[in-house]
Amino acid sequence: VMAKVMALRRMGGPTRAMAASYDPEGLFAGKARVKTKLGAVDRPQWLRDLKKVPVDACDASGGAPVVALEPHIKEELAKLLDKDYLPVDLDAPGLKVHHLDPPVLTVDGFLTPAECDLFVEETLRSETLKRSTVGEGNLDSERNQQSDTRTSRSVLLSKEVQTEHQGLKDLARKLQTRAKQIFQVETWSPTGVLPGPDQVCFEALQVAVYQEGEHFLSHEDGFPQAVVESNGFQRVVTVLLYLNDVEVGGRTRFDFLNLAVQPRKGTVLLFFPGFSNCESDPRSVHTADDAVDEKWVCQQWIARGVPVGNPLSENEPSVGSEVQGELFKQVKKGKGKTAKGKKGAASRGFGAR
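Keep in mind it's a predicted model, so treat the numbers as computed, not measured.

Conventions used here
Residues numbered from 1 in each chain as written. Predicted model: local features only at pLDDT ≥ 70, side-chain atom pairs only at ≥ 80, totals over all residues. Heavy atoms only, no water. Helix = DSSP H or I, 4+ residues; strand = E, 2+ residues; numbered from the N terminus. Buried < 20%, exposed > 50% of the residue type's maximum accessible area, 1.4 Å probe, protein only. Polar contact = N/O pair within 3.5 Å; in protein donor to acceptor, adjacent residues only side chain to side chain. Contact = heavy atoms within 4.5 Å. 1 Å grid on protein atoms, 1.4 Å probe; cavity = no way out; pocket = protein on both sides within 12 Å on 5 of 7 lines; lining within 4 Å. Points joined across faces, edges and corners; volume = space filled by probe spheres on them. Nonpolar A, V, L, I, M, F, W, Y, C, P; charged D, E, K, R; others polar.

> When you look at the environment of Arg 150 in this model, what are you seeing that I'm missing?
Within the element layout of this structure, Arg 150 appears in the loop between strand E7 (130-131) and strand E8 (153-156). What makes Arg 150 buried here is its relative accessible area of 0%. In this structure, the C-alpha to C-alpha distance between Arg 150 and His 215, residues 65 residues apart in sequence, is 5.8 Å. Side chain to side chain, Arg 150 and Gln 299 meet in a polar contact 3.5 Å long.

Below, the structure is given as structure tokens:
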């Protein structure tokens, strides 16, 4: 395995990062070396260095209000987001920086407490929640399956669900409208429709609830290269909105960053599972810790269409894909459905896991 890992070629994209590992089972979580069916595997060493926020700039939440950052740090972060991820309005009210590289941000008061309560009420009224699944397809994809890795209940707000439940449709639009005010993107492709090359759009939004003991173990939101190549897009931003206050348990913990965020009603967590060239960034591996108090969240992913000429197909499978194996083999051979439905086709309402 390690011989193949060391043979991986560097890409010519803006980050010059190596192929990212896909690790939905938390293979490397907190470990430098793990044992697998293929033998011992070392944590990838090619990932660029982490860059933390100065401790003296942080408040009690663990984040630094932008006004507390030195001007050169703010400028450096803005350039990083613009070049390697997705541009962000760093002057947005309530915005805090929890980690510089990879960027992890929060925005307090993204939705009001009343709007958060209404999201929960409308979801319960719709009676659409079901056991969450894992995989690279839509929630209803035959290639997804239930797993002890992810034990919450959730609903994908597909076009059909929103048509039947106007309240959820209105709330989803409100969340997306406010997200557009934070991300400095001139043109957005239609929501839930596969974006064109280098275009961005919202995937179909999900709502999830975690009861006591439920979790989502270490995973990436980004996809391995084989899936990106087949589907034609990468998930480049995670917009995770907390719908209720959680006093105990349920933190969003970033395994490699020594960072955890406690859910607060109306606060949105922003991080970047993929680079602008559609490589995934495995430094974004994260865990939804075991819930003690009930936890409600909205998961809104932003997808980017693979740029024309992106040499993703030239890369060998990543560490995680090599360890898991089957997904890479299926996609490369063209077997089964992609995240778009039938092979190679785009469909509305995509929103994996």
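> How should I be thinking about the environment of Glu 212 in this particular structure?
In this fold, Glu 212 is placed in the loop between strand E10 (206-210) and strand E11 (216-219). By relative accessible area, Glu 212 is classed as exposed at 64%. Those residues in contact with Glu 212 that sit more than four places away from it in its chain are Ala 291 and Val 292.

> Sorry, what's going on with empty space enclosed by the protein here?
Summary: where empty space remains is shown by rolling a probe the size of a single water molecule over the atoms. Applying the stated criterion across every chain yields a total of 4 cavities of 30 Å³ or more. Taken as a whole, the largest cavity holds about 150 Å³ of empty space. Forming the boundary of the largest cavity are 15 residues, of which Tyr 210, His 219, Leu 240, His 286 and Gln 299 lie nearest the centre. Only E11, strand E12 (233-242), strand E16 (286-288) and strand E17 (295-305) provide two or more residues apiece to the lining of the largest cavity. Per element, the largest residue contribution to the lining of the largest cavity is 4 residues, and it comes from E17. Residue classes in the lining of the largest cavity are distributed as 7 nonpolar, 5 polar and 3 charged.

> Please clarify how unusual backbone geometry should be interpreted in this entry.
What is expected of a backbone is that most residues other than glycine have negative phi and most peptide bonds are trans. Cis geometry is found at the peptide bond from Asp 101 to Pro 102, where omega equals 5 degrees. Looking at the element boundaries, Pro 102 is found in the loop between strand E5 (95-101) and strand E6 (104-107). Its identity is not glycine, yet Glu 127 carries a phi of approximately 55 degrees, on the positive side. By relative accessible area, Glu 127 is classed as exposed at 73%.

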